[in-house]
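# Fold and contact review
Listed here are the chains, written in short residue letters.
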2 protein chains.
Amino acid sequence: MITHIAVDIGGTRMRAASYTSDNLTPIKVNRIKTRKKNSTPLKRLESLITSVWPEEAEVAGIGIAVPGPVNSATGVIEKAPNIPELSGLPIASNMQAAFNVPAFLGNDANLAALGEWKFGAGRGHHHIVYLTISTGIGSGVIIDDQLLSGARGFASELGHTMLLPDGPLCSCGVRGHLEGLASGTAIAKWVAEQISKGVETSIAFDSSNQELIPGIVIAEAAQNGDILARQAFKRAGRYLGQAIADFLHIFNPTVLVLGGGVSQSYALFAETLYETIKTHVMAPEFLEDFTIALAELGDDVGLMGALALARESTGLSYP
Amino acid sequence: MITHIAVDIGGTRMRAASYTSDNLTPIKVNRIKTRKKNSTPLKRLESLITSVWPEEAEVAGIGIAVPGPVNSATGVIEKAPNIPELSGLPIASNMQAAFNVPAFLGNDANLAALGEWKFGAGRGHHHIVYLTISTGIGSGVIIDDQLLSGARGFASELGHTMLLPDGPLCSCGVRGHLEGLASGTAIAKWVAEQISKGVETSIAFDSSNQELIPGIVIAEAAQNGDILARQAFKRAGRYLGQAIADFLHIFNPTVLVLGGGVSQSYALFAETLYETIKTHVMAPEFLEDFTIALAELGDDVGLMGALALARESTGLSYP
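All of the points below concern the structure found in this document. Note that the structure is a prediction, hence the values are computed from the model and not measured.

## A short note on the overall build of chain A
Each helix and strand in chain A was counted, giving 9 helices and 10 strands. For a compact globule of 319 residues, the expected C-alpha radius of gyration is about 20 Å, and chain A comes in at 20 Å, within 12% of that figure. Taken over the C-alpha atoms alone, chain A extends approximately 65 × 50 × 35 Å along its principal axes. Taking all 319 residues of chain A together, 56% fall into the buried category. Sequence-distant contacts, at least 24 apart, represent 64% of the contacts inside chain A between residues at least 6 apart. If you sum the accessible surface of chain A, you get close to 13,300 Å²; carbon and sulfur atoms cover 49% of it.

## Details of the interface of chain B and chain A
Chain B puts 39 residues into the contact, and the matching count from chain A is 39 residues. Of the roughly 3,300 Å² buried at the junction of chain B and chain A (both faces included), carbon and sulfur atoms supply 61%. In terms of surface lost to chain A, no three residues of chain B exceed Met162, Ile250 and Met282 of chain B, which account for 18% of the buried area on that side. At the junction of chain B and chain A, the tally comes to 4 salt bridges. Linking chain B with chain A are 20 residue pairs in polar contact (both at pLDDT 80 or more), by the criterion used here.

## Concerning the sheet that holds strand β8 (residues 146-147) of chain B
Residues and elements named next belong to chain B. Strand order in the open sheet formed by 5 strands is β8-β7-β6-β9-β10, and the pairing between neighbours is mixed. Edge positions in the sheet fall to β8 and β10 (291-294), since each of these pairs with one other strand and no more. Both strand β9 (residues 255-259) and β10 contribute to a ladder of 4 bridges, which runs parallel. Among the inter-strand pairings, leucine 256 is bridged to a residue of β10, identified as isoleucine 292. Sheet strands in contact with helix α7 (residues 227-251) are β6 (127-133), β7 (137-143) and β9, and its direction is about 155 degrees off that of β6.

## Some words on the packing of helix α7 (residues 227-251) of chain A against helix α8 (residues 270-280) of chain A
Residues and elements named next belong to chain A. Two elements in contact, α7 and α8, have axes whose closest approach is 7 Å; the angle formed by their N-to-C orientations is 40 degrees. It follows that α7 is oblique to α8 by the angle criterion. Crossing handedness for the pair α7 and α8: right-handed. Residues Lys234, Gly237, Arg238, Leu240, Gly241, Gln242, Ile244, Ala245, Leu248 and His249 of α7 lie in contact with α8, whose contacting residues are Thr272, Leu273, Thr276, Ile277 and His280. Of the residues assigned to the contact of α7 with α8, the class counts are 6 nonpolar, 7 polar and 2 charged.

## Let's talk about the sheet that holds strand β4 (residues 58-66) of chain B
Residue and element names in this part refer to chain B. Spatial strand order, β3-β2-β1-β4-β5: 5 strands in an open sheet with mixed pairing. Looking along the sheet, the strands with just one partner apiece sit at the ends: β3 (28-33) and β5 (103-107). Pairs of neighbouring strands in the sheet enclose a mean axial angle of 15 degrees, with direction left out of account. Sheet analysis places strand β2 (residues 13-20) next to β3, joined by 6 bridges and oriented antiparallel. Note that in β3 the partner of alanine 17 across the bridge is valine 29. On the sheet, helix α1 (residues 41-52) packs against β1 (2-9), β2, β3 and β4 and is oriented at approximately 160 degrees with respect to β3. Docked against the sheet, helix α3 (residues 108-119) engages β4 and β5, running at close to 100 degrees with respect to β5.

## A look at the relation of the copies chain B and chain A
Under the fitted operation, chain B is carried onto chain A by 0.0 Å of movement along the axis and a turn of 180 degrees, and the coordinates agree to an RMSD of 0.0 Å. The two molecules are tied by a two-fold rotation axis, judged by turn and shift. In terms of proximity to the rotation axis, the leading residue of chain B is leucine 163 of chain B, whose C-alpha is 2.9 Å off the axis. In this assembly the copies share their binding face: 100% of the residues contributing to the interface of chain B also contribute to that of chain A.

## Brief notes about the pattern of salt bridges
All names here are of chain A. In total, this model carries 20 salt bridges over all chains according to the counting rule given. The partner of arginine 15 in a salt bridge is aspartate 300, and the shortest N-O contact between them spans 2.9 Å. Highlighted residues: arginine 15 in strand β2 (residues 13-20) and aspartate 300 in the loop between β10 (291-294) and α9 (301-313), separated in sequence by 285 residues. According to the relative accessible area criterion, aspartate 300 is partly exposed, its value standing at 35%. With a closest N to O distance of 3.8 Å, glutamate 275 and lysine 278 form a salt bridge.

## Looking at the pairing of strand β7 (residues 137-143) of chain A
Residue and element names in this part refer to chain A. Where burial is concerned, most of β7 is hidden: 7 out of the 7 residues are buried. The side-chain alternation of β7 yields two buried faces, one formed by Ile137, Ser139, Val141 and Ile143 and the other by Gly138, Gly140 and Ile142. Two elements, strand β6 (residues 128-133) and β7, share 6 bridges in a ladder whose sense is antiparallel. Each bridged residue has a counterpart across the sheet, and for tyrosine 130 the counterpart in β7 is glycine 140. Between the end of β6 and the start of β7, which pair antiparallel, lie 3 residues. Note: β7 against strand β8 (residues 146-147), 2 bridges, orientation antiparallel. Each bridged residue has a counterpart across the sheet, and for isoleucine 142 the counterpart in β8 is leucine 147.

Here is what the cut-offs are and how they apply
Residues numbered from 1 in each chain as written. Chains lettered and ligands numbered in written order. Predicted model: local features only at pLDDT ≥ 70, side-chain atom pairs only at ≥ 80, totals over all residues. Heavy atoms only, no water. Helix = DSSP H or I, 4+ residues; strand = E, 2+ residues; numbered from the N terminus. Rg over C-alpha atoms; globule rule 2.2 N^0.38 Å. Buried < 20%, exposed > 50% of the residue type's maximum accessible area, 1.4 Å probe, protein only. Contact = heavy atoms within 4.5 Å. Areas by Shrake-Rupley, 256 points an atom, 1.4 Å probe, with all protein chains shown as cover. Buried area = accessible area lost by both parts, 1.4 Å probe. Salt bridge = Lys/Arg side-chain N within 4 Å of Asp/Glu carboxyl O. Polar contact = N/O pair within 3.5 Å; in protein donor to acceptor, adjacent residues only side chain to side chain. Pairing = 2+ DSSP bridges. Axes fitted to C-alpha atoms, helices over the stretch in contact; angles between N-to-C directions. Parallel < 35°, antiparallel > 145°, perpendicular 65-115°, else oblique. Left-handed = near helix turned anticlockwise from the far one by under 90°. Nonpolar A, V, L, I, M, F, W, Y, C, P; charged D, E, K, R; others polar. Least-squares fit on C-alpha atoms with pLDDT ≥ 70 in both.

What is shown is where atoms sit, not what they do.
Written as structure tokens, this is what we have:
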């Protein structure tokens, strides 16, 4: 029996699971905190993988999703603000040496796109744009059955598309990017600004409090008819629509897969999104054979992406 | 001796040439007008190809560049505003039937990117963004040695990236696209607007005249120190820089190849362009191993692209 191990490394926890080649239900699954006193993330990763190692089965490969860009030439995670301890480390070759099994590393958003393509909402498509909208906006692109990586693995940063010169600051420090306008963080900031300006709302907010209003609070207010909260989602939908029109022109995909926490409020901005795309697209042909689909893999998308990477990299054809 | 035939179809003229497989100097070359009374463009194309057919040599394939999107599934040119007579026609299969030789069709800007990659400024690169800035802004993208086409062949329309909400109208009818801000047409329109507003300049312009100021006039004025003309190129350079920062985030290329008439004035906006890219890029890593290069193939880029398509499609490895 051939098996693969998938690992999803996050800023606060790491998850791992082992799978047979004909199934998406794990043989073993485990999760641990990314950091702990007297233990490095690399050592913890090693023991996590050991804990899900299948008994009496051959492991063909290990796929690892990391929250940062992976240099495709060196296999090194280049910048990981959430886990600086792993920055610059050749994680895959370390695991390969530790377990004597081929190991493969990928950026988590790119692998999420791979996962949704192989096992989720992108199944059967060959040209896919995947956006995950939560704290930030991550993305991955499949072009003609290939994951877009770019020369050094930095490509497909669609969240950093410039939409509004002199717009709000993005997490990267540049103004007017999609992420700074339509991420969960951007929505919460905009709502707080409007409340500070005196706009009426049912959302309780203390402007002396530096914390962001939780997305769930804004979503619930919107569902209950709060006008400001509804505007906040529509505003995000407009910016997303403008960016997606760009992505249609650039990639001519057949599906846009939307994931992340904000996508759970899709009904609140779907119409605005689609109308904006229609207004901004250069020709209606780009909308023929094009659909928008919600991501299907939920919290498992990182593991599923790492599994897809491990299977693909070891030459396994998919179920 | 194996040969290929390359054809570049434009709105006013068609060019064709035949080449041996080891050389870029044509065996025969010819050009004719695209239209003439009592003759259809398809018939004229056929006689043009006949006129460059090499004697005593086998033709392995015909590559044809057309000024419109080519449906990659059907091989049909979908929309060609410059040659509406060819819209919807399966040009390649027509030529294939007429000459009993495989024929291949491609969008001219995409094939220009292919030509610059194989024979010009993109040689040796694997990740290339090509922009041709003239009346409009055309583009082509090479990703990991593959030409980006998208699901139906409509992809890589980088000129239609939205940069300025409520900006000037683009040729496609949408506001704020790169093409509407930085093409030769956009530069000429902006200069005319400024003159109409009373801005001083050495450029002679009659605002009752509906014709655009020729690009060469603006370029020469700028070279002679005209402040308005210099501002016009810098303004275009700023918008190009903003868009190119997006393209770096999206594609992580190692080279941007700039072609078209406006690129001949590159010295007038190079510094502004590069400074804007630096300001708008999310991380300096995108600029490592990245260069901007001027296109090398000039007016022959269409033929060279069609030749590259013909050679590649018939499995010829390149010199």
